[in-house]
Amino acid sequence: MSATNTGNIAKLLWPGLNAIWGEYKDYAGEYKDLFDTQSSDKAYEEDQLMPGLGLAPIKTEGAAVQYDTLSQGITSRYTHLAYALGFILTREALDDNQYKSKALKAMKMLARSFKQTKEQVAANVYNRAHTSGYTFGDGSLLCVTNHSTLAGSQSNRLTTAADFSESSVEDLVVLIGGAVDERGLKVKLMPKSLHIPVALQFEAARVLKSMGQNDTANNATNALRSMGMFSDGAKINHYFDDADAFFIRTDAEQGMIHFERTAPEFAQDNDFDTSNLKYKGYERNSFGNTDFRGVYSNGGGA
């Protein structure tokens, strides 16, 4: 545990500096578009699947009613992780600082670290949607073509990866429209929002906002626009690390979930023996998925 001493901030001990720089604006709050936030007061939270019943069979005259069996499906667990960071200033470094009003923005820097940590942790759930080793309640990756259910394999990813285009977005919307539940019954699942990396922002604007079909001489309607799909436009996430992959969130009730166990807390204290000042931040949360139908993806790059 090392303290920031006069040697670490030597330039701040003497008059004559024109400016102290290194502070920037952030792309903050983007995780709120990727997840629905819930509060928690436990070490972990669990969501339990109840698959429901199948279709009703024909009953012939005089025959007994057939009975289906209620069962318990997969369990999704959200284990809350703690994040903590701090720094220490020696008493001498604080006393001798000639630019206290500017240099003591270190607490603001600490808060910025926590903001960006949350954004990155949230985005990583999507960044790893197609990456081996990152599984959820059903034992599968977030987005695959073969989620195991009682009704057989189900997909929340385009079978063949494609570049971002009008047709690939439409294909994903069609896949959403064909969703069924655990027993194979149709579910009313609607696209809610389109999420893209920075690299796709201009192409997304052309695809969603053009009056006619994009990149074609055909005098045809832009169906995505005329049907009101993604009327708010695409939501850019600056923490996505795949320049080709894109996602569509749906209105599935328990899809992409963020639990906040402890909101960010910041505190400071003095060490009695050294007179050093200690600053720290702490928060605890979890990000994950319960129902794979909450998000559909295209792995990018055909």
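Only a predicted model underlies this, so the values are computations on that prediction, with no experimental measurement involved. (Residues numbered from 1 in each chain as written. Predicted model: local features only at pLDDT ≥ 70, side-chain atom pairs only at ≥ 80, totals over all residues. Heavy atoms only, no water.)

Further remarks concern the packing of aromatic side chains. Counted by the stated rule, this structure contains ten aromatic pairs. Summarising the aromatic geometry, the rings of Phe-35 and Phe-287 are spaced 5.0 Å apart at their centres and angled 65° between planes, so their arrangement reads as edge-to-face. With Phe-35 in the loop between helix 1 (31–34) and strand 1 (36–39) and Phe-287 in strand 11 (residues 277–289), the pair connects residues that are 252 residues apart, well separated along the chain. You can call Phe-287 buried: its relative accessible area is 13%. Every member of this aromatic cluster is reached through a ring pair, and the members are Tyr-31, Phe-35, Tyr-126, Phe-240, Phe-247 and Phe-287. Looking at Arg-77, its charged tip hangs above the ring of Tyr-44, at a distance of 3.7 Å from the centre. (Phe/Tyr/Trp six-rings, centres within 6.5 Å; stacked < 30°, edge-to-face > 60°. Helix = DSSP H or I, 4+ residues; strand = E, 2+ residues; numbered from the N terminus. Buried < 20%, exposed > 50% of the residue type's maximum accessible area, 1.4 Å probe, protein only. Lys NZ or Arg CZ within 6 Å of the ring centre and 35° of its normal.)

Moving on, we get to the sheet that holds strand 12 (residues 295–298). The four strands are arranged 8-7-9-12 in an open sheet whose pairing can be described as mixed. Each edge of the sheet is formed by a strand with only one pairing partner; in this case those strands are strand 8 (235–236) and strand 12. Strand direction decides the pairing type here: strand 7 (residues 191–196) and strand 9 (residues 246–250), joined by four bridges, are antiparallel. Residue Pro-191 lies in a different strand from strand 9, and its bridge partner there is Thr-250. (Pairing = 2+ DSSP bridges.)

Backbone geometry follows two general trends: most residues other than glycine have a negative phi, and most peptide bonds adopt the trans configuration. Phi angles above zero are rare outside glycine, and Phe-230 is one such case at about 55°. As for its placement among the helices and strands, Phe-230 is situated in the loop between helix 7 (223–226) and strand 8. Assessed through its relative accessible area of 8%, Phe-230 is described here as buried. Residue Ser-275 is not a glycine yet carries a positive backbone phi of 65°. Mapped onto the fold, Ser-275 is located in the loop between strand 10 (256–270) and strand 11.

Within the largest apolar cluster, 21 residues are counted, with the highest numbers of intra-cluster contacts made by Phe-164, Val-169, Leu-194, Ile-196, Phe-230, Phe-246 and Ile-248. Every element with two or more residues in this core is listed here: helix 5 (166–177), strand 7, helix 6 (201–209) and strand 9. With four residues, the single largest contributor to this core is helix 5. Beyond its immediate chain neighbours, meaning those up to four positions away, Phe-230 contacts Val-169, Val-173, Pro-191, Lys-192, Ser-193, Leu-194, Leu-208 and Ile-248. Of all hydrophobic cores here, the second largest spans 17 residues; its members include Phe-35, Ala-123, Ala-129 and Val-295. (Core = buried A, V, L, I, M, F, W, Y, C linked by side-chain atoms within 4.5 Å. Contact = heavy atoms within 4.5 Å.)

Take empty space enclosed by the protein next. The tally for this structure, following the rule as stated, stands at one cavity of 30 Å³ or more. Each pocket or cavity is described by its volume, and for the largest cavity that value is around 50 Å³. Considering only residue class, the lining of the largest cavity consists of five nonpolar, five polar and one charged. (1 Å grid on protein atoms, 1.4 Å probe; cavity = no way out; pocket = protein on both sides within 12 Å on 5 of 7 lines; lining within 4 Å. Points joined across faces, edges and corners; volume = space filled by probe spheres on them. Nonpolar A, V, L, I, M, F, W, Y, C, P; charged D, E, K, R; others polar.)

Turning our eyes to something else, we now look at helix 6. Among the residues of helix 6, those classed as buried are Glu-203, Ala-204, Val-207 and Leu-208. Buried residues along helix 6 cover an arc of 120° about the axis, so they all sit on one side. On its buried face, helix 6 is in contact with helix 5, strand 7 and helix 7. (Arc of directions from axis to C-beta.)

Pairing between sheet strands relies on hydrogen bonds along the backbone, with the strands arranged either parallel or antiparallel. With mixed pairing, the four strands of this open sheet are ordered in space as 1-10-11-4. Every other strand in the sheet has two partners, leaving strand 1 and strand 4 (81–89) as the edge strands with one partner each. Sheet twist, expressed as the mean angle between neighbouring strand axes with direction ignored, is 30°. Here nine bridges tie strand 4 to strand 11, and the two strands are oriented antiparallel to one another. Pairing of Leu-85 across the sheet is with Gly-281, part of strand 11. (Axes fitted to C-alpha atoms, helices over the stretch in contact; angles between N-to-C directions.)

The values reported here are purely geometric and, on their own, carry no functional implication.
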